[in-house]
Amino acid sequence: MTNELNTLTLADMRDGLKAKKFSSVELTEAHLKAIEKNNPHYNSYITITRDIATKMAKDADARLASGSQGLIEGVPVAVKDLFCTKGVLTTAASHILDGFKPQYESTVTTQCWEQGGVMLGKTNLDEFAMGSANLTSYYGTVKSPWMKDGQPLVPGGSSGGSASAVASFLAPTALGTDTGGSIRQPASFCGIVGIKPTYGRCSRWGIVAFASSLDQAGPITRTVRDSAIMLNVMCGHDAKDSTSSSEAVPDFEKALTGNVKGKKIGIPKEYRPDGMNPEILAMWDKGIQLLRDAGAEIVDISLPHTKYALATYYIVAPAECSSNLARYDGVRFGLRVGAEEGLTAMYEKTRAAGFGKEVKRRIMIGTYVLSAGYYDAYYKKAQKVRWLIADDFNKAFEKVDAILTPTAPSAAFGFDYKPNDPVEMYLNDVFTVPTSLAGLPGISIPGGLNKDGLPLGLQLIGKSFDEATVLNVAYALEQAIGFNAKPQGVLGMAA
Ligand code: GLN
């Protein structure tokens, strides 16, 4: 039996708290009980912060009683374990951060707590957010509540713990980060909503860095409205992040009119590669038709450099990762191995023991493409192609208001999926990385089910800083699609 409090939308939780239908302590307790009961199965949380949650919920109830309230007063929030949380274990799902308790709180989580959010815990992810299936976490794999033939599936990645927690009602929202698709692809695999805002919309301060020119925070939720509410909380300028934007933040919830009459929606022909899964194509075509029926104008567009996006991303992201991860050497953070053998031995042994295989692969690729002799051929060239990709979007956005594509090339897969070559896993990001390279906002919403009863995601991409249009078109499409399928593997909430 599911506890009905857990299955409410975030908007209904917010409104119910305000109307005193239930308290934040009740709502938080319902979630904590469900997490404590079901997390051994899903493994979506690395750390459960029961005591902090209970205290925050009591404080929120006091504020609700006195009439002063934040945007999400009393609402439980899960946090991807890539955000630094003061005094609370922050792992990035890596062995190398063993025991790391930051002395400060990230800006985005600070904003959540200032607006009344209640921290449930820290969610699992691919190590240092590198991956597409949550298979590289030092803290073990995560199960999605969706199943195929009675077998568990991966939740996608890297924000897999966040997506699984939201889809299995262990949180109404979870913070994620998206460098090349890590919010949108797990949202697609788990049949929920995830938005990556424009690069610079949310502060990166206090988020463990992977690829600094691409990393963006964003929410994972069960509805578009809930994502709009969370963006209202998370966005805004931060003097502590020099890449954070001072662009005004509109009220994203107010933007949800559902009216898309006359809006021009671009359909890029390059997102229909040969051999594309016909079920994905059919879902995409249905989305196009629904927008047309709602009065939008469908416009064919071309993004000619799309085919270079994946290769470009897998040069730029590892290059930045190799530089960002140089700081983990046994001196300042977490794990330290071999200190008695001298400094060089300590560096080598700590990094050899602390990083997993995928992270080591990225560091090696990144170091290679940045090395003298290869820099021009790889890194510099990738930077140039990156701007060609961004320019494709600039040109397209002279003609259209938003772009509709699939989010991922497949539905979620099982734990028996063992690619022979890491590039096979990288292909999961083929539809999400162009947006990341161009720094644009992108959202994934459930588009429908495939023949196995698994969700497939639709992606809407918008102009720089025009999340309002992205959210509104997504909202209109969400209403038209009426997706209400529930995962086969949701466990009961109550003890
Ligand atoms: N799957 C991509 C990668 O492995 C994207 C990760 C992300 O967005 N953090 O790099």
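Structure report, in brief.

Some remarks on the pairing of strand β6 (residues 173-178)
At step 1: Within β6, six of the six residues are buried, which leaves the element mostly enclosed by the surrounding structure.
At step 2: Where burial is concerned, the two faces of β6 agree: the one with T173, L175 and T177 and the one with A174, G176 and D178 are both buried.
At step 3: Both strand β2 (residues 76-80) and β6 contribute to a ladder of two bridges, which runs parallel. Its bridge partner lying in β6, V79 is registered against L175.
At step 4: Bridge count between β6 and strand β8 (residues 216-221): six bridges; the pairing is antiparallel. Bridge pairing in β8 links T173 to T221.

A few points about helix α4 (residues 107-114)
At step 1: Judged by how many residues are buried, α4 sits mostly within the fold: six of eight residues are covered.
At step 2: Those residues of α4 that sit buried are T107, V108, T109, Q111, C112 and W113.
At step 3: As for α4, its buried residues are in contact with α3 (50-66), β2, β3 (118-123), β6, β8 and α7 (224-234).

Structural notes on the pairing of strand β13 (residues 455-462)
At step 1: Burial runs high along β13: eight of the eight residues are buried.
At step 2: Bridge count between strand β11 (residues 402-406) and β13: five bridges; the pairing is antiparallel. Pairing of I403 across the sheet is with I461, part of β13.
At step 3: As paired strands, strand β12 (residues 442-449) and β13 are joined by seven bridges and run antiparallel to one another. Bridging across to β13, S444 finds its partner in Q459.

Thoughts on the sheet that holds strand β9 (residues 264-268)
At step 1: Spatial ordering of the open sheet is given by β1-β3-β2-β6-β8-β7-β12-β13-β11-β9-β10, a layout of eleven strands whose pairing is mixed. Each edge of the sheet is formed by a strand with only one pairing partner; in this case those strands are β1 (45-48) and β10 (297-301). The average angle at which neighbouring strand axes cross in this sheet is 30°, direction not considered.

As for the site of the ligand
At step 1: Surveying the vicinity of the ligand reveals 15 residues, the closest of which are T179, G180, S182, Y313 and R362.
At step 2: Take G181: an N or O atom from its main chain is 3.3 Å from an oxygen atom of the ligand.
At step 3: Interatomic distance of 2.7 Å between a side-chain N/O atom of S182 and an oxygen atom of the ligand.
At step 4: Against a free-state accessible area of 290 Å², the protein chains account for coverage of 100% of the ligand.

Some remarks on the environment of S158
At step 1: Within the secondary structure layout, S158 lies in the loop between β5 (151-152) and α5 (160-167).
At step 2: On a C-alpha basis, the gap between S158 and P186 in space is 7.3 Å, while along the polypeptide they are 28 residues apart.
At step 3: Separated by 3.4 Å, the side chain of S158 and the backbone oxygen of A129 make a polar contact.

Quick word on the pattern of salt bridges
At step 1: All told, the structure shown has 19 salt bridges when counted by the stated rule.
At step 2: We note a salt bridge from K122 to D81, for which the minimum N-O separation is 2.8 Å. A residue pair is termed long-range when its members are at least 10 positions apart, and K122 in strand β3 and D81 in the loop between β2 and α4 qualify at 41 residues. For the pair K122 and D81, a shared accessibility class is recorded, and that class is buried.
At step 3: Note that D251 and K254 form a salt bridge whose closest N and O atoms lie 3.7 Å from each other.
At step 4: Residue classification places K254 among the exposed residues on the basis of a relative accessible area of 69%.
At step 5: Several salt bridges converge on common partners, so that one network encompasses R14, D15, R225 and E253.

Criteria and cut-off values
- Residues numbered from 1 in each chain as written.
- Predicted model: local features only at pLDDT ≥ 70, side-chain atom pairs only at ≥ 80, totals over all residues.
- Heavy atoms only, no water.
- Buried < 20%, exposed > 50% of the residue type's maximum accessible area, 1.4 Å probe, protein only.
- Helix = DSSP H or I, 4+ residues; strand = E, 2+ residues; numbered from the N terminus.
- Pairing = 2+ DSSP bridges.
- Contact = heavy atoms within 4.5 Å.
- Axes fitted to C-alpha atoms, helices over the stretch in contact; angles between N-to-C directions.
- Near = heavy atom within 4 Å.
- Polar contact = N/O pair within 3.5 Å; in protein donor to acceptor, adjacent residues only side chain to side chain.
- Areas by Shrake-Rupley, 256 points an atom, 1.4 Å probe, with all protein chains shown as cover.
- Salt bridge = Lys/Arg side-chain N within 4 Å of Asp/Glu carboxyl O.

So yeah, pure geometry; function would need other evidence.
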